[in-house]
Every structure is written in structure tokens, then in C-alpha cells.
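# Fold and geometry: a report
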Amino acid sequence: MKNLVVYYSLEGNTKLIAEFIAKEIDADIIELKPKKEFPSSGFRKYVWGGKSVIFKQKPKLMNKEINISKYDNIFLGTPVWAGTYAAPFNTFLDISNINNKNIALFA
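Residues numbered from 1 in each chain as written. Predicted model: local features only at pLDDT ≥ 70, side-chain atom pairs only at ≥ 80, totals over all residues. Heavy atoms only, no water.

### A closer look at the sheet that holds strand E2 (residues 28-31)
Which entries qualify depends on this criterion: Two strands qualify as a pair provided DSSP detects at least 2 bridges between them. Helix and strand definitions here come from DSSP, where helices need a minimum of 4 consecutive H or I residues and strands a minimum of 2 consecutive E residues; each element is numbered from the N-terminal end. Note on geometry: axes are C-alpha line fits, over the in-contact stretch for helices, and angles between N-to-C directions span 0 to 180 degrees. Residue contacts are counted whenever heavy atoms from the two residues lie within 4.5 Å of one another.
Within the open sheet, the four strands sit side by side as E2-E1-E3-E6. Their pairing is parallel. Taken across any chain shown, the strands that pair with only one partner, and hence form the sheet edges, are E2 and strand E6 (102-106). Going from strand to strand, the sheet's axes swing by 20 degrees on average, the running direction of each strand aside. Where helix H1 (residues 13-25) meets the sheet, its contacts fall on strand E1 (3-7), E2, strand E3 (73-77) and E6, and the angle it forms with E1 comes to roughly 175 degrees.

### What about the side chain of serine 9?
To keep it simple, the criterion reads: The definition of a polar contact used here is a pair of N or O atoms within 3.5 Å, where within protein one atom must be able to donate a hydrogen and the other to accept one, and adjacent residues in sequence count solely through side-chain atom pairs.
Structurally, the position occupied by serine 9 is in the loop between E1 and H1. At 3.4 Å, the side chain of serine 9 and the backbone nitrogen of threonine 14 are in polar contact. Separated by 3.2 Å, the side chain of serine 9 and the backbone nitrogen of lysine 15 make a polar contact. The contacts of serine 9, once residues within four sequence positions are left out, are Thr14, Lys15 and Glu31.

### Focus: the layout of surface pockets
Using the following cut-off: Think of a 1 Å grid over the protein atoms and nothing else: a 1.4 Å probe that fits but is trapped marks a cavity, an open set flanked by protein within 12 Å on at least five of seven lines marks a pocket, and residues with an atom within 4 Å of a point count as lining. Grid points are joined across faces, edges and corners, and a volume is the space filled by probe spheres set on the points. Side-chain classes are defined by residue name, with Ala, Val, Leu, Ile, Met, Phe, Trp, Tyr, Cys and Pro counting as nonpolar, Asp, Glu, Lys and Arg as charged, and the others, Gly among them, as polar.
Roughly 250 Å³ of internal volume is contained in the largest pocket. Leu10, Glu11, Pro79, Val80 and Trp81 are the residues nearest the centre of the largest pocket, which is lined by 17 residues in total. Counting residues per element, the ones that place at least two in the lining of the largest pocket are H1, helix H2 (42-54) and strand E4 (80-81). Take the lining of the largest pocket: its biggest share by element is four residues, from H2. When its residues are assigned to classes, the lining of the largest pocket shows eight nonpolar, seven polar and two charged. Put simply, the second largest pocket is a space of about 210 Å³.

### Quick notes on the pairing of E3
To keep things clear, this is the line we draw: Note on classification: 1.4 Å probe, protein chains only; a residue is buried when its accessible area is under 20% of the maximum for its type, exposed when over 50%, partly exposed between these limits.
Judged by how many residues are buried, E3 sits mostly within the fold: five of five residues are covered. What you see with E3 is no split at all: Asn73, Phe75 and Gly77 on one side and Ile74 and Leu76 on the other are buried throughout. Here five bridges tie E3 to E6, and the two strands are oriented parallel to one another. Across the sheet, the residue bridging to isoleucine 74 is isoleucine 103, located in E6.

### Quick word on H1
Put simply, the rule is: A helix is expected to reach a length of 1.5 Å times the quantity of its residues less one. Note that the arc is defined by the directions from the helix axis to the C-beta atoms.
In this model H1 runs 19 Å from its N-terminal to its C-terminal C-alpha over 13 residues, within 8% of the 18 Å that 1.5 Å per residue would give. Every buried residue of H1 is accounted for by Thr14, Ala18, Ile21 and Ala22. When H1 is viewed along its axis, its buried side chains cluster within an angular range of 100 degrees and face the same direction. Facing away from the buried side of H1 by more than 90 degrees, the exposed set consists of Asn13, Leu16, Phe20, Lys23 and Glu24. Elements in contact with the buried residues of H1: E1, E2, E3 and E6. A positive phi of about 55 degrees marks aspartate 26, the residue just after H1.

Shown next as C-alpha cells:
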């Protein structure tokens, strides 16, 4: 079975965990990169991150193509924003067909 780790990390914490998981399970890894970065410090990061989640925004990603068809197991990693996953995952879930895949989540 082929494994893939897909993650978004604002401050590097989720990236650290994603890299560890990918190494342990011999997985390919994809970092979701929004074209316009969210503020990463101060009060603005909470306002912009929370707003993007509440309004279900789908930020454009710099990732050209995310082909998950060849993977059986997909590990999704995200920081928790306003009680849910980060907005870049709205875009990922919109453009990717994760039906019939084994999914694991980490935050």
C-alpha cells in the first residue's frame, strides 16, 4: 500500500509531525502552500485564520497538481483554527477525490 502525508503548517509544528510520520511509514509528503500566506505572528494570525475558517474560504494554492490517485492511505495534518482544520484544506478537499481512501488525521 502506498502512503501520502498532506499537511499545512503555519508555524512549523504540523510540519515537524508530518515529516516524522512520513519518515516512519515511508510516505510521500506534500505541503499545502497558499499563494497568499496567512500572518504568522501576533494577533492578526488569529483574526485572519479564524475568519478564513468561519467563512469557509478556499485560498488558492501554489501546488500545481495534487494527484492522490496512486495512494491508498492518506494522512492529513493541520493546525486547529477556530475549532476545525485550516482553510487550505478547504481547497485541497475541493480539488481532490479522497473517496475510497484510508484517511488518518493529525493536528
